[in-house]
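Here are the chains, one letter per residue:
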Amino acid sequence: MIVPANPKTIAQAAALIRDGKLVAFPTETVYGLGADATNGEAVAAIFAAKGRPRFNPLIVHFSDTDSAALAARFDERAQRLAKRFWPGALTLVLPRSEDCPVSRLACAGLDTIAVRVPGHETALALLTETGRPLAAPSANISGAVSPTTAAHVETGLGPKIALILDDGPCRIGVESTVLDLSEETPQLLRPGGVTRAEIESVIGKLPSEAPGAESDEAGFGGAAATEKPRSPGLAGRHYAPSVPLRLNAAAGPVRADEALLAFGANPPPGYKTMLNLSAAGDLAEAAANLFAMLRKLDTGGFGSIAVMPIPGNGLGEAINDRLRRAADPALAATAGNRQIESRSSRQAQ
Ligand code: TXA
Ligand code: MG
């Protein structure tokens, strides 16, 4: 059931969560499917509702850095990043603290935990009112496009959720950046709402990705060749609409059975249906529109979706990452499996 977020419904949602139920709530990135992170059964219900593999750990949300510091060990880099970007779209993967209250299932049995303080008034109010950390993946069926409105959540998971708090469309529109600081070398596991450059301005250069990916104006070329290890969550189909995506549709005409997902002022000719991520060529606007427009075109009965190139700088890194994954789930599956193997062998040592 969708209800508008207000103090009364937030209190109701908090009571449901303390009772072990699932509640969907807005964040500045995407809507999350929340449960009490300290309650193993509630966390198990998240995996069941999403059809999510249990080896894929969840992000745990906190109301402030001090509460997050009870669950995870913050080194100096993590402290500085939290100070600069929280509340906000950055998730830090850190070693679990010794007396971490969060269910091991939420972390998929790993010795690390992904923590974040979301930059959204309703999310923070819910966390404070609940008085517990919230495990919350994006509120979509595993592998589908993440929800940026309450209606998206209802479409995918409606009957499985006790309550959906509606607070309008998400401001950023792509998920948080996931940065692994559990080892000496930081690793960008997932580009997202906080850009690589913003992170580097605080902790210095991150290990590089495929050469040329940043400067590749076409967006896809360099990044598609990236073989950097992935977060466990990037295994399998992700962000995938049901119709194929044709990336880099810049020059040639759009095919008769294709819908066009455009970017910028000069869409290629021939389209019958077009949605423009940002006619002004603004990456923040494009990120905010990305998932909603993919969903809309996905249900339009088209043979495929032609996507114009998006620059790879700033938020463009996250946008291109999601588009690449949506276009080629097989690629994501291979990369993800490699990461899982390397992680579990590391753990066994
Ligand atoms: O913006 C977001 O991050 C949204 C909102 C709701 O906060 N949440 C979200 O969660 O996108 P989810 O579960 O869809 O993505 C979490 C990502 C996955 O790729 C997962 O594998 C990774 O974070 N992750 C979680 N814990 C991890 C850990 N201990 N080590 C490595 N990666 C981890
Ligand atoms: Mg997700």
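Above this text is the structure in question.
Reading the values: the criteria
- Residues numbered from 1 in each chain as written.
- Chains lettered and ligands numbered in written order.
- Predicted model: local features only at pLDDT ≥ 70, side-chain atom pairs only at ≥ 80, totals over all residues.
- Heavy atoms only, no water.
- Pairing = 2+ DSSP bridges.
- Helix = DSSP H or I, 4+ residues; strand = E, 2+ residues; numbered from the N terminus.
- Phe/Tyr/Trp six-rings, centres within 6.5 Å; stacked < 30°, edge-to-face > 60°.
- Buried < 20%, exposed > 50% of the residue type's maximum accessible area, 1.4 Å probe, protein only.
- Contact = heavy atoms within 4.5 Å.
- Axes fitted to C-alpha atoms, helices over the stretch in contact; angles between N-to-C directions.
- Arc of directions from axis to C-beta.

This part covers the sheet that holds strand 14 (residues 304–307). One open sheet holds the four strands; their spatial order is 11-14-12-13, and the pairing between them is parallel. Each edge of the open sheet is held by one strand with a lone partner, namely strand 11 (245–246) and strand 13 (273–276). Both strand 11 and strand 14 contribute to a ladder of two bridges, which runs parallel. By the bridge assignment, Leu245 is partnered in strand 14 with Ile305.

This part covers the packing of aromatic side chains. Across all of its chains, the model carries one aromatic pair by this definition. A centroid spacing of 5.9 Å and a plane angle of 80° characterise the contact between Phe74 and Trp86, whose relative ring orientation is edge-to-face. Residue Phe74 is found in the loop between helix 3 (65–71) and helix 4 (76–85), and its partner Trp86 is found in the loop between helix 4 and strand 5 (90–95); the two are separated by 12 residues along the sequence.

Between Trp86 and the following residue, Pro87, the backbone shows a cis peptide bond with an omega angle of -5°. By the secondary structure assignment, Pro87 is in the loop between helix 4 and strand 5. Positive phi, normally seen in glycine, also occurs at Ala108, with a value near 50°. The class of Ala108 is partly exposed, set by a relative accessible area of 23%. Positive phi, close to 65°, is recorded for Asn248, a residue that is not glycine. Relative to the helices and strands, Asn248 resides in the loop between strand 11 and strand 12 (258–262).

Let us look at the pairing of strand 5. Burial analysis of strand 5 places six of its six residues in the buried class, which makes it a mostly covered element. Pairing analysis gives four bridges linking strand 5 to strand 9 (residues 177–180), with the strands arranged parallel. Across the sheet, the residue bridging to Thr91 is Val178, located in strand 9. Two strands pair when backbone bridges link them, and strand 5 and strand 6 (residues 112–116) are joined in this way by four bridges, in the antiparallel orientation. Each residue of the ladder has a partner; that of Val93, found in strand 6, is Ala114.

Locating Val307 in the fold gives a position in strand 14. Given the relative accessible area of 0%, Val307 is considered buried. Between the C-alpha atoms of Val307 and Glu258, which are 49 residues apart in sequence, the distance is 9.9 Å. Here Val307 is in contact with Leu245, Arg246, Leu247, Asn248, Ala249, Leu261 and Leu323, once residues within four sequence places are set aside.

Turning our attention to the sheet that holds strand 6. In spatial order, the strands read 1-8-2-3-7-4-6-5-9-10; together these 10 strands make up an open sheet with mixed pairing. One side of each edge strand has no neighbouring strand; the edge strands of this open sheet are strand 1 (2–4) and strand 10 (187–190). Against the sheet, helix 1 (residues 7–18) engages strand 1, strand 2 (23–25), strand 3 (32–36), strand 7 (134–135) and strand 8 (163–166), with an angle of about 145° to strand 8. Against the sheet, helix 4 touches strand 5 and strand 9, its axis set at about 160° to strand 5.

The next subject is the environment of Ala123. Within the secondary structure, Ala123 sits in helix 5 (residues 121–130). Sequence separation between Ala123 and Phe62 is 61 residues; the distance between their C-alpha atoms is 9.4 Å.

Considered for burial, the residues of helix 5 that qualify are Thr122, Ala123, Leu126, Leu127 and Thr130. Down the axis of helix 5, the smallest arc covering the buried residues is 135°, so these residues share one side. Seen from the open side of helix 5, the exposed residues pointing more than 90 degrees away from its buried face are Glu121 and Thr128. Among the structural elements, helix 1, strand 2, strand 4 (59–61), strand 7 and strand 8 are those in contact with the buried residues of helix 5. In the segment just after helix 5, Gly131 is the residue with positive phi, at about 75°.

In short, the description is geometric, and any link to function would need to be established separately.
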